[in-house]
Amino acid sequence: VQLQASGGGLVQPGGSLRLSCAASGSTFSINAMSWYRQAQGKQRELVAVMARRGSTNYGDSAKGRFTISRDNAKNTAYLHMNSLSPDDTAVYYCSAGWWGVEYESWYWGQGTQVTVSS
């Protein structure tokens, strides 16, 4: 499975941004797509994951501000980010894998930089 992320950039505090992740290849082997992020000097953290069936799970930093969605026909996942703050500045990574009892990331896309600054 190949993942192509896009949509990062520079946004002012309080602004919004939408990231996209298009999956190709053996997409039948995955049942969930997710977003992680890694800020400079920090560990990578889960932002959001969504199963093909529609279940979602969010990291604490994303709850109430970010929404993950999917277009299964296009094998594309989106991350809608609102009320962005400088603390959201990070490289955002798309991943795909299997969500059974727990979610496991099997494939990773390249990161896309999100910078929140005035």
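Our subject is the structure that appears above.
Rules behind the numbers
Residues numbered from 1 in each chain as written. Predicted model: local features only at pLDDT ≥ 70, side-chain atom pairs only at ≥ 80, totals over all residues. Heavy atoms only, no water. Core = buried A, V, L, I, M, F, W, Y, C linked by side-chain atoms within 4.5 Å. Buried < 20%, exposed > 50% of the residue type's maximum accessible area, 1.4 Å probe, protein only. Helix = DSSP H or I, 4+ residues; strand = E, 2+ residues; numbered from the N terminus. Contact = heavy atoms within 4.5 Å. Pairing = 2+ DSSP bridges. Axes fitted to C-alpha atoms, helices over the stretch in contact; angles between N-to-C directions. Phe/Tyr/Trp six-rings, centres within 6.5 Å; stacked < 30°, edge-to-face > 60°. Lys NZ or Arg CZ within 6 Å of the ring centre and 35° of its normal. Salt bridge = Lys/Arg side-chain N within 4 Å of Asp/Glu carboxyl O.

Colleague: Would you mind showing me how to read the nonpolar core here?
Modeller: Nonpolar side chains in soluble globular proteins tend to end up buried together. Of all hydrophobic cores here, the largest spans 28 residues; its most connected members are Met33, Trp35, Leu79, Met81 and Tyr92. When residues of this core are traced back to their parent elements, those giving at least two are β1 (2-6), β3 (17-24), β4 (32-38), β5 (45-51), β7 (66-71), β8 (76-81), β9 (90-99) and β11 (112-116). Tyr92 has contacts with Leu19, Trp35, Tyr36, Arg37, Val47, Phe66, Leu79, Met81, Gln110, Gly111, Thr112 and Val114, leaving out every residue within four places of it along the chain.

Colleague: Any chance you could explain the sheet that holds β7 here in plain terms?
Modeller: Backbone-to-backbone hydrogen bonds join strands into a sheet, with any given pair of strands oriented parallel or antiparallel. Across the sheet, 4 strands lie side by side as β1-β3-β8-β7; this open sheet has antiparallel pairing. Each edge of the open sheet carries a strand with a single partner, namely β1 and β7. Strand-to-strand twist in this sheet, taken as the mean axis angle between neighbours without regard to direction, amounts to 15 degrees. Bridging between β3 and β8 involves 6 bridges; their strand directions are antiparallel. When the bridges of β8 are listed, Ala22 appears paired with Thr76.

Colleague: Before we go on, may I ask you to explain the environment of Phe28 in this structure?
Modeller: When you line up the elements, Phe28 lands in the loop between β3 and β4. Expressed as a C-alpha distance, the spacing of Phe28 and Asn82, which sit 54 residues apart in the sequence, is 31 Å.

Colleague: Honestly, the pairing of β4 in this entry has me stumped. Any pointers?
Modeller: Residues in a regular strand point their side chains to alternate faces of the sheet. Within β4, 6 of the 7 residues are buried, which leaves the element mostly enclosed by the surrounding structure. The pairing of β4 with β5 spans 6 bridges and is antiparallel. Paired with Trp35 across the bridge in β5 is Ala48. Turn length for the β4-β5 hairpin, with the two strands adjacent in sequence and antiparallel, is 6 residues, and the turn residue Gly41 shows positive phi of about 80 degrees. By the bridge criterion, 7 bridges tie β4 to β9 in an arrangement that is antiparallel. Residue Trp35 lies in a different strand from β9, and its bridge partner there is Cys94.

Colleague: Which parts of the structure should I look at to understand the packing of aromatic side chains?
Modeller: All told, the structure shown has 2 aromatic pairs when counted by the stated rule. Summarising the aromatic geometry, the rings of Trp98 and Trp106 are spaced 6.3 Å apart at their centres and angled 10 degrees between planes, so their arrangement reads as stacked. Accessibility expressed as a relative area gives 39% for Trp98, which makes it partly exposed. Above the plane of the ring of Trp108 lies Arg44, whose end atom (NZ or CZ) is 4.6 Å from the centre.

Colleague: Sorry, what's going on with the pattern of salt bridges here?
Modeller: A side chain of one charge can pair with a side chain of the opposite charge when the charged atoms of the two come close. The full count for this structure, using the stated rule, is 4 salt bridges. As a salt-bridge pair, Arg37 and Glu45 come within 2.6 Å of each other at their nearest N and O atoms. Classification of Arg37 by relative accessible area gives buried; the value is 7%. Between Asp88 and Arg65 there is a salt bridge, with its nearest N and O atoms 2.8 Å apart. A residue pair is termed long-range when its members are at least 10 positions apart, and Asp88 in the loop between β8 and β9 and Arg65 in the loop between β6 (56-58) and β7 qualify at 23 residues. One network of salt bridges, with partners in common, ties together Arg37, Glu45, Arg65 and Asp88.

Everything listed here is a matter of coordinates, which is why it stays silent on function.
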